[in-house]
Amino acid sequence: MSRLTYRLVTNDKELEAAFAIRREVFVEEQGISESEEWDGRDMDALHVVAKDGQRVVGTARVLFLTENQAKVERMAILKPF
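What comes next concerns the included structure. (Residues numbered from 1 in each chain as written. Predicted model: local features only at pLDDT ≥ 70, side-chain atom pairs only at ≥ 80, totals over all residues. Heavy atoms only, no water.)

Comments concerning the pairing of strand 4 (residues 69-77)
Sheet topology note: the strand 3 (residues 55-66)/strand 4 ladder contains 7 bridges and is antiparallel. Pairing of glycine 58 across the sheet is with isoleucine 77, part of strand 4. (Pairing = 2+ DSSP bridges. Helix = DSSP H or I, 4+ residues; strand = E, 2+ residues; numbered from the N terminus.)

Structural data, given as structure tokens:
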């Protein structure tokens with residue numbers, strides 16, 4: 001395992017990988033319902049990915065609640081990491 005890096009999502013490929021991790025961790029592993037996980041707010045948020053080399057292994061989203069308030073949500077990382 002190499003050193004993890006973190007970055008804002010900048011393309012559809014990274015966003016799709018982030019969503020796949022959320023599905024694996026929250027829906028499949030933890031049994032969260034699809035409707036709860038996919039709450040319709042993803043396009044209003046910033047998304048961050050953690051990468052091991054070129055592979056996306058973790059994610060989080062930052063949802064801005066007001067002009068001066070944000071909430072870090074949907075943090076997930078693959079089990080091996």
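Concerning the pattern of salt bridges
Overall, the coordinates contain 11 salt bridges when judged by the stated rule. The partner of arginine 23 in a salt bridge is glutamate 34, and the shortest N-O contact between them spans 2.8 Å. Here arginine 23 is found in helix 1 (residues 12-29), whereas its partner glutamate 34 is found in helix 2 (residues 34-37), with 11 residues between them in sequence. Exposure remark for glutamate 34: the relative accessible area of 36% places this residue in the partly exposed category. Among the salt bridges present, the one from aspartate 42 reaches arginine 61, with a minimum N-O distance of 2.9 Å. Highlighted residues: aspartate 42 in the loop between helix 2 and strand 2 (45-52) and arginine 61 in strand 3, separated in sequence by 19 residues. Overall, the relative accessible area of 8% leaves aspartate 42 in the buried class. Overall, the relative accessible area of 0% leaves arginine 61 in the buried class. (Salt bridge = Lys/Arg side-chain N within 4 Å of Asp/Glu carboxyl O. Buried < 20%, exposed > 50% of the residue type's maximum accessible area, 1.4 Å probe, protein only.)

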